[in-house]
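# Analysis of the macromolecular model
For reference, the chains in residue letters:
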Amino acid sequence: MGRDGLLALLRLARLEDWAQEIEDDFRPTVTFEAVGRLSAALDELYGPTEGQWLARQVGHRAFRLGAEGLGFALGLADVGRRLLPPAVKIRLGMETLAEFFNRYSDQRVRLGEDNDFYYWIAESGGFCYGRRTTYPACGMATGLLSATLSWMRGGAGVEVQEVECRAQGAPHCTFRIPKGKAGQRQHNA
Ligand SMILES: [Zn+2]
């Protein structure tokens, strides 16, 4: 997208202050309200399918820009290196991240699971703040979660899908992460 594209996008999202901060080289303070408006602007510009894809890329990029260091700080790289079945690593990574969100952000997260999937359930705060859509609108969160868990596993892809979203009127934003066949096999062995 480049710097000019990003600045144009921020203006479209009525986030001129943020654009100004980037131009002045200040580190912008990101609020969920701002993230919601940015995501809405992407969907307006590119349509929901492309817009949400781009939002996921923004989430991946955000991880590279800042959260990778956080991953090290939280010890996620160590979890990834341990000799554990992949599904157990994912579970441990999700627990660590959820604890971080619950302690340091407005977002309240709890975890769930069934036979095939883990669930990341965001109960308040969130990436679709202030939005009403007919589709799951938290592409940035999907990208961020996927990038973090994939990085923790040494680059092995972890597919994350938002299966219900508060922007659609659901009570929570719920993200589904497959436990994976390899994980289950080892888990059951
Ligand atoms: Zn959502």
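Residues numbered from 1 in each chain as written. Predicted model: local features only at pLDDT ≥ 70, side-chain atom pairs only at ≥ 80, totals over all residues.

Now for the overall build of the protein chain. Within the protein chain, the regular secondary structure consists of eight helices and four strands. Order of helices (α) and strands (β) in the protein chain, N terminus to C terminus: α-α-α-α-α-α-β-β-α-β-β-α. Evaluated residue by residue, the protein chain yields a buried proportion of 36% over its 189 residues. When contacts within the protein chain are restricted to residue pairs at least 6 apart in sequence, long-range pairs at least 24 apart make up 58% of them. (Helix = DSSP H or I, 4+ residues; strand = E, 2+ residues; numbered from the N terminus. Buried ≥ 20, exposed ≤ 12 C-beta atoms within 10 Å, placed from the backbone. Contact = placed C-beta atoms within 7 Å.)

Quick look at the sheet that holds strand 1 (residues 108-113) now. Taken together, four strands build an open sheet; the order of strands is 1-2-4-3 and the sheet is antiparallel. Looking at the sheet topology across the chains shown, the edges are occupied by strand 1 and strand 3 (161-164). Each strand of the sheet is rotated relative to its neighbour by a mean of 30°, with strand direction disregarded. Bridge count for strand 3 against strand 4 (residues 173-178) is three bridges, and the pairing is antiparallel. When the sheet's bridge partners are listed, Gln161 is paired in strand 4 with Arg176. The strands touched by helix 6 (residues 86-104) are strand 1, strand 2 (117-124) and strand 4; relative to strand 1, the strand with the most contacts, the crossing angle is about 160°. On top of the sheet, helix 7 (residues 139-152) reaches strand 2, strand 3 and strand 4; it is set at about 30° to strand 4, its chief contact. (Pairing = 2+ DSSP bridges. Axes fitted to C-alpha atoms, helices over the stretch in contact; angles between N-to-C directions.)

The share of residues in the protein chain with pLDDT of 70 or more is 78%, and the mean pLDDT across the chain is 81. For the protein chain, helix 8 (residues 181-188) is the element with the lowest average pLDDT, namely 42, and strand 3 is the one with the highest, namely 96. Counting contacts from residues 182-189, a segment whose pLDDT is below 50, to residues more than four positions away or on other chains yields ten contacts. (pLDDT = per-residue confidence, 0-100.)

Take helix 6 next. Between its first and last C-alpha atoms helix 6 spans 27 Å; for 19 residues at 1.5 Å apiece the expected length is 27 Å, and the two agree. Those residues of helix 6 not exposed but buried are Pro86, Ala87, Lys89, Ile90, Gly93, Met94 and Leu97. The arc that holds every buried residue of helix 6, seen down its axis, measures 150°, which confines them to one face. Away from its buried face by more than 90 degrees, helix 6 exposes Glu99 and Arg103. (Expected span 1.5 Å × (residues − 1). Arc of directions from axis to C-beta.)

Next up on the list: the nonpolar core. Counting residues in hydrophobic clusters, the biggest one holds 37 residues, and the most contacted among them are Cys128, Cys138, Met140 and Ile177. Counting only elements with at least two residues in this core, the list comes to helix 3 (32-46), helix 4 (48-73), helix 5 (76-81), helix 6, strand 2, helix 7 and strand 4. Per element, the largest residue contribution to this core is eight residues, and it comes from helix 7. Not counting residues within four places of it along the chain, the set of residues in contact with Cys138 comprises Gly126, Phe127, Cys128, Glu162, Cys165 and Cys173. (Core = buried A, V, L, I, M, F, W, Y, C linked by C-beta atoms within 7 Å.)

This part takes up the environment of Gln57. Within the element layout of this structure, Gln57 appears in helix 4. Under the C-beta neighbour-count criterion, Gln57 is labelled partly exposed, with 16 such atoms within 10 Å. Expressed as a C-alpha distance, the spacing of Gln57 and Ala147, which sit 90 residues apart in the sequence, is 9.5 Å.

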